[in-house]
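For reference, the chains in residue letters:
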Amino acid sequence: MRFRHPDGSTVHLAYCTNVHPAETLEGVLAQLRDHCEPVRRRLGRDRLGIGLWLARDAARALVTDPSALRRLRTELDTRGLEVVTLNGFPYEGFGAGEVKYRVYKPDWADPERLEHTTALARVLAGLLPDDVTEGTVSTLPLAWRTAYDDARAERSRSALRALGGRLDALEELTGRSIRIGLEPEPGCVVETTADAVVPLTDVGHARVGLCLDTCHLATSFEDPHTALDGLAAAGVPVVKAQLSAALHAEEPHLPDVREALAAFDEPRFLHQTRTLTSSGLRATDDLGEALAGDVLPDASPWRAHFHVPLHAAPAAPLTSTLSVLSDTLTRLVGGPRPLTRHLEVETYTWQALPPELRPRGRAQLADGIAAELTLARDLLTDLGLKELP
């Protein structure tokens, strides 16, 4: 979906396909048929943006076989879909029964991460619509925080500098500008926007910036205005933003709130949980750990890294951080010029919701994704952007 900003530039809105498990090119093509095109039809649009997640095997197939890339591009065009951004965070196995800490491997100290991200950039340059010259790829925020020492930090910085050079060469070859965004996430080396400033400044390449995920921002209790002011002051660009909402519990000390939270404690993904106290942020790596004992203070609200559907906040006594998303979006695109032009709805946890909230079949999932995109569209038009055909 495309929108005209009052300054005349185009802002793109997509939804991320990491909600649909697929590791191979054939799986990706099936996604387009079974999920993405039905969402587009529900929205009544001739064109729908999708943020593709391409696992290692799919990316390798596309970058080594020009005919495979042409096939994907043709399929996108045929089904009324377009791609200006990729989700390069998960490497493989994101549809597995248990993901947890595995999603952070390989990290930026491992050569596989540089090669994979380079492949994604090359693929995206070939997938961009004919009238679009800029693409973005989000990636993990360097590494999970444990076992990350000075040597691994230096390898990560070197890899990102090398990536910047490769992206320069790619633009010279194709005329397409691809930028990469580190995505701050709770528990990682770069957990907050403030954590991103030093490593990105050290890398010092204009093509390497930040991907702002509003669920992660909220989970870490970051104020959107403070966060964006800090990035602007440091000269760190927001290359893309992921529109998502975290799980919020206002009174986690109450038994009924604990019981409601326990329904979201599931075995597939990490749900890092945070609370803001007078002495600072307190944290656990997972929701179950927070619920199991007194490791996390419960006198103040808790937030958990669980991407809940934008249009459907959990029932009381829980809610979501949709207001943080709205405030962030206002700053990102509500001003005289957009701070980013690539927006991506990223609710990958539909099948991890409590059983009674999960979609029953493809049709209900498509309905839910379309409802999220409708909400995002309404937020954008309320900010003065005009939806384009």
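An account of the accompanying structure is given in this report.

Cut-offs used in this document
- Residues numbered from 1 in each chain as written.
- Predicted model: local features only at pLDDT ≥ 70, side-chain atom pairs only at ≥ 80, totals over all residues.
- Heavy atoms only, no water.
- Pairing = 2+ DSSP bridges.
- Helix = DSSP H or I, 4+ residues; strand = E, 2+ residues; numbered from the N terminus.
- Axes fitted to C-alpha atoms, helices over the stretch in contact; angles between N-to-C directions.
- Phe/Tyr/Trp six-rings, centres within 6.5 Å; stacked < 30°, edge-to-face > 60°.
- Buried < 20%, exposed > 50% of the residue type's maximum accessible area, 1.4 Å probe, protein only.
- Lys NZ or Arg CZ within 6 Å of the ring centre and 35° of its normal.
- Parallel < 35°, antiparallel > 145°, perpendicular 65-115°, else oblique.
- Left-handed = near helix turned anticlockwise from the far one by under 90°.
- Contact = heavy atoms within 4.5 Å.
- Arc of directions from axis to C-beta.
- Polar contact = N/O pair within 3.5 Å; in protein donor to acceptor, adjacent residues only side chain to side chain.
- 1 Å grid on protein atoms, 1.4 Å probe; cavity = no way out; pocket = protein on both sides within 12 Å on 5 of 7 lines; lining within 4 Å.
- Points joined across faces, edges and corners; volume = space filled by probe spheres on them.
- Nonpolar A, V, L, I, M, F, W, Y, C, P; charged D, E, K, R; others polar.
- Core = buried A, V, L, I, M, F, W, Y, C linked by side-chain atoms within 4.5 Å.

### A few points about the sheet that holds strand 12 (residues 302–308)
Alright, step 1. In spatial order, the strands read 11-10-12-9-13; together these five strands make up an open sheet with antiparallel pairing. Edge positions in the open sheet fall to strand 11 (280–284) and strand 13 (318–320), since each of these has one partner strand only. Adjacent strand axes in the sheet meet at a mean angle of 30°, parallel and antiparallel pairs treated alike.
Alright, step 2. As defined by bridge partners, strand 9 (residues 245–249) adjoins strand 12 across four bridges and the pair is classed as antiparallel. Each residue of the ladder has a partner; that of A245, found in strand 12, is V308.

### Quick notes on the packing of aromatic side chains
Alright, step 1. Counting across every chain of the model gives eight aromatic pairs.
Alright, step 2. Judged by centre distance (5.2 Å) and plane angle (85°), the ring pair of Y101 and W144 falls under edge-to-face. Here W144 lies in the loop between strand 5 (134–139) and helix 5 (150–174) and Y101 lies in the loop between strand 4 (81–87) and helix 4 (111–127), a separation of 43 residues in the sequence.
Alright, step 3. The class for Y101 is partly exposed, based on a relative accessible area of 40%.
Alright, step 4. Lying across the ring of F221, R303 places its NZ or CZ 4.4 Å from the centre.

### Describing the packing of helix 4 against helix 5
Alright, step 1. With their axes 10 Å apart at the nearest point, helix 4 and helix 5 run at an angle of 20° to one another. Looking at the two axes, helix 4 sits roughly parallel to helix 5. The two elements helix 4 and helix 5 cross, and the hand of that crossing is right-handed. Between helix 4, through L114, E115, T117, T118, A121, R122 and A125, and helix 5, the contact on the second element is made entirely by A159, A162, L163, R166, L167, L170 and T174.

### Quick word on helix 8 (residues 224–234)
Alright, step 1. Of all the positions in helix 8, only P224, A227, L228 and L231 are classed as buried. For helix 8, the arc enclosing every buried residue in end-on projection is 90°, short of the 170-degree limit, so these residues lie on one face. Away from the buried face of helix 8 by more than 90 degrees, exposed residues T226 and A233 are located.
Alright, step 2. As for helix 8, its buried residues are in contact with helix 6 (193–203), strand 7 (208–213), helix 7 (214–219), strand 8 (238–243) and helix 11 (322–333).
Alright, step 3. Among the residues of helix 8, the N-terminal cap falls to D223, whose side-chain oxygen and the backbone nitrogen of H225 are separated by 3.2 Å.
Alright, step 4. Directly after helix 8, the chain includes G235, whose backbone phi takes a positive value near 75°.

### Section: the layout of surface pockets
Alright, step 1. Volume-wise, the largest pocket comes out at about 470 Å³.
Alright, step 2. Surrounding the largest pocket, 24 residues form its lining, R179, P338, L339, T340 and R341 being those nearest its centre.
Alright, step 3. At the level of secondary structure, the elements contributing two or more residues to the lining of the largest pocket comprise strand 2 (10–16), strand 5, helix 8 and strand 8.
Alright, step 4. The element contributing the most residues to the lining of the largest pocket is helix 8, with three residues.
Alright, step 5. Its boundaries defined by the atoms lining it, the second largest pocket holds a volume of some 270 Å³.
Alright, step 6. As for the second largest pocket, its lining consists of 17 residues, and the residues nearest its centre are F264, A313, P314, A315 and L357.
Alright, step 7. Each residue belonging to the lining of the second largest pocket can be placed in one class, and the counts come to 14 nonpolar, two polar and one charged.

### Observations regarding the packing of helix 2 (residues 56–64) against helix 3 (residues 66–78)
Alright, step 1. Here helix 2 crosses helix 3 at 110°, and the two axes come no closer than 5 Å. Relative to helix 3, helix 2 is oriented roughly perpendicular. Packed against helix 2, whose contacting residues are A61, L62 and T64, the element helix 3 presents P66, A68, L69 and L72 at the interface.
Alright, step 2. The residue inventory of the contact of helix 2 with helix 3, partitioned by class, reads six nonpolar, one polar and no charged.

### Thoughts on the nonpolar core
Alright, step 1. One finds L13, Y15, I50, L54 and L373 to be the most contacted residues of the largest nonpolar core, which totals 119 residues.
Alright, step 2. Among the elements that take part in this core, helix 12 (residues 362–382) stands out by supplying eight residues, more than any other.
Alright, step 3. Excluding residues that lie within four positions of it along the chain, L13 makes contacts with M1, F3, G49, L243, L343, V345, L373, A376, R377 and L380.

### Comments concerning the environment of F89
Alright, step 1. Topologically, F89 is positioned in the loop between strand 4 and helix 4.
Alright, step 2. With 257 residues separating them in the primary sequence, F89 and E346 have C-alpha atoms 12 Å apart.
Alright, step 3. Beyond its immediate chain neighbours, meaning those up to four positions away, F89 contacts V103, Y104, R113, S138, T139, L140, P141, E183 and E185.

### Considerations on empty space enclosed by the protein
Alright, step 1. Counted by the stated rule, this structure contains three cavities of 30 Å³ or more.
Alright, step 2. Here the largest cavity is characterised by a volume of approximately 180 Å³.
Alright, step 3. F94, V103, E185, H305 and Y348 are the residues nearest the centre of the largest cavity, which is lined by 21 residues in total.
Alright, step 4. Taken together, the residues of the lining of the largest cavity break down into nine nonpolar, seven polar and five charged.

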